[in-house]
Amino acid sequence: MRGRLIVLEGADGTGTTTQARTLADHLTSQGRTVHVTAEPSRGPVGVLIRELLGGDRPREHIHRELALLFAADRLDHVAREIEPELARGVDVVTDRYLLSSLVYQGLDSPLDWVATLNRHAPPADVTLLLTLPVELAMARVAGRAGHREVFETREVQQRVHRRYLELAPRVDAVVVDGQGEIAEVAARLIAALTAALTAALDVPLERAHGG
Ligand code: TMP
């Protein structure tokens, strides 16, 4: 049986990296084998993206390169890492995927173009969107070591938070409140994941009964 592709999304500082781990731990406790990954990936395109994100060139100068690179990185990530794991029955939990591109690259480029670039990225089985008040998320980003990346300004993050909510329906993302202790948020995510996976299983069954 194929594994499930589970995506965690959210603006910077909403806790997607931490919660990707807690979701993986939960699935493991259910007897699943789980692979945790993230985008930008660790592959060659992902490395290029990290350089650009941390570099000095302003966002307005690099947004088209970024859109192309994120789409290329995604296909490379799918081909090298995600699809082989799914094919051997492993669940894949990824910290960011397609919705990140629609939200972030859609800030500077037409959404249709970004969607077209990503047309060959296979849809996730479940996308969970973590939300947090902008101020809280920004405070977490500010508390991190290292210098700020191109998207990590208040003005951009305010738009990012709004766009996530607007675009969530495009990938059927389930919105989960990211406020509270790690365990509290994890419990909400697990409940949302379980409901989404159960609903996904029910569709073919209902169709089978109906037909
Ligand atoms: P990270 O903070 O989760 O490591 O992601 C790095 C940044 O890259 C973050 O600000 C979101 C951004 N990003 C995009 O702009 N488009 C994408 O497709 C992805 C995956 C991330």
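Residues numbered from 1 in each chain as written. Predicted model: local features only at pLDDT ≥ 70, side-chain atom pairs only at ≥ 80, totals over all residues. Heavy atoms only, no water.

A. Quick look at the site of the ligand. The local shell around the ligand holds 14 residues, among which R50, R74, R96, S101 and Q105 are the closest. The contact in question runs from an oxygen atom of the ligand to an N or O atom on the side chain of R74, over 2.8 Å. Using a 2 Å cut-off from the grid points, one finds that the ligand occupies the largest pocket. Elements with a contribution of two residues or more to the shell around the ligand: α2 (44-54), α3 (59-87) and α4 (98-104). Per-element tally for the shell around the ligand: the top contributor is α4, with three residues. Partitioning the shell around the ligand into residue classes produces five nonpolar, three polar and six charged. (Near = heavy atom within 4 Å. Polar contact = N/O pair within 3.5 Å; in protein donor to acceptor, adjacent residues only side chain to side chain. 1 Å grid on protein atoms, 1.4 Å probe; cavity = no way out; pocket = protein on both sides within 12 Å on 5 of 7 lines; lining within 4 Å. Sits in = over half its atoms within 2 Å of the grid points. Helix = DSSP H or I, 4+ residues; strand = E, 2+ residues; numbered from the N terminus. Nonpolar A, V, L, I, M, F, W, Y, C, P; charged D, E, K, R; others polar.)

B. How the structure looks around the packing of aromatic side chains. Applying the stated rule across the entire model yields two aromatic pairs. Here Y104 and F151 contribute two aromatic rings whose centre-to-centre distance is 5.0 Å and whose plane-to-plane angle is 70 degrees, an arrangement assigned as edge-to-face. Taken together, the residues span a long stretch of sequence, with Y104 in helix α4 and F151 in the loop between α6 (134-142) and α7 (154-167) at a distance of 47 residues. Note on accessibility: Y104 and F151 belong to one class, buried. Centroid distance Y104 to Y164: 6.2 Å. Interplanar angle 80 degrees. Geometry classified as edge-to-face. Of this pair, Y104 sits in helix α4 while Y164 is found in helix α7, placing the two residues 60 residues apart along the sequence. For Y104, a relative accessible area of 6% puts it in the buried group. Accessibility expressed as a relative area gives 2% for Y164, which makes it buried. Positioned above the aromatic ring of Y97 is the side chain of R74, whose terminal nitrogen or guanidinium carbon lies 5.6 Å from the ring centre. (Phe/Tyr/Trp six-rings, centres within 6.5 Å; stacked < 30°, edge-to-face > 60°. Buried < 20%, exposed > 50% of the residue type's maximum accessible area, 1.4 Å probe, protein only. Lys NZ or Arg CZ within 6 Å of the ring centre and 35° of its normal.)

C. Spotlight on the packing of α6 against α7. As a packed pair, α6 and α7 sit with axes 10 Å apart at the nearest point and diverge in direction by 130 degrees. Between α6 and α7, the interaxial angle falls into the category oblique. Both α6 and α7 take part in a crossing whose hand is right-handed. In this structure, α6 contributes V134, E135, A137 and M138 to the contact, and α7 contributes R154, Q157, Q158 and H161. (Axes fitted to C-alpha atoms, helices over the stretch in contact; angles between N-to-C directions. Parallel < 35°, antiparallel > 145°, perpendicular 65-115°, else oblique. Left-handed = near helix turned anticlockwise from the far one by under 90°. Contact = heavy atoms within 4.5 Å.)

D. Geometry of the layout of surface pockets. Taken as a whole, the largest pocket spans an internal volume of roughly 620 Å³. Around the largest pocket sit 31 residues that line it, and D12, R50, R96, R144 and E149 are the ones nearest its centre. Of all the elements in the fold, those that place two or more residues in the lining of the largest pocket are α1 (16-29), α2, α3 and α4. Tallied by class, the residues present in the lining of the largest pocket amount to nine nonpolar, 11 polar and 11 charged. In this model, the second largest pocket occupies a volume close to 350 Å³. Lining the second largest pocket are 15 residues, and of these R4, R32, L197, T198 and L201 sit closest to its centre. Within the residue set of the lining of the second largest pocket, elements represented by two or more residues are α1 and α8 (182-210). A total of six residues in the lining of the second largest pocket trace back to one element, the largest contributor, which is α8. Residue composition of the lining of the second largest pocket, by class: six nonpolar, five polar and four charged. (Points joined across faces, edges and corners; volume = space filled by probe spheres on them.)

Function-wise, these values are silent; they only describe arrangement.
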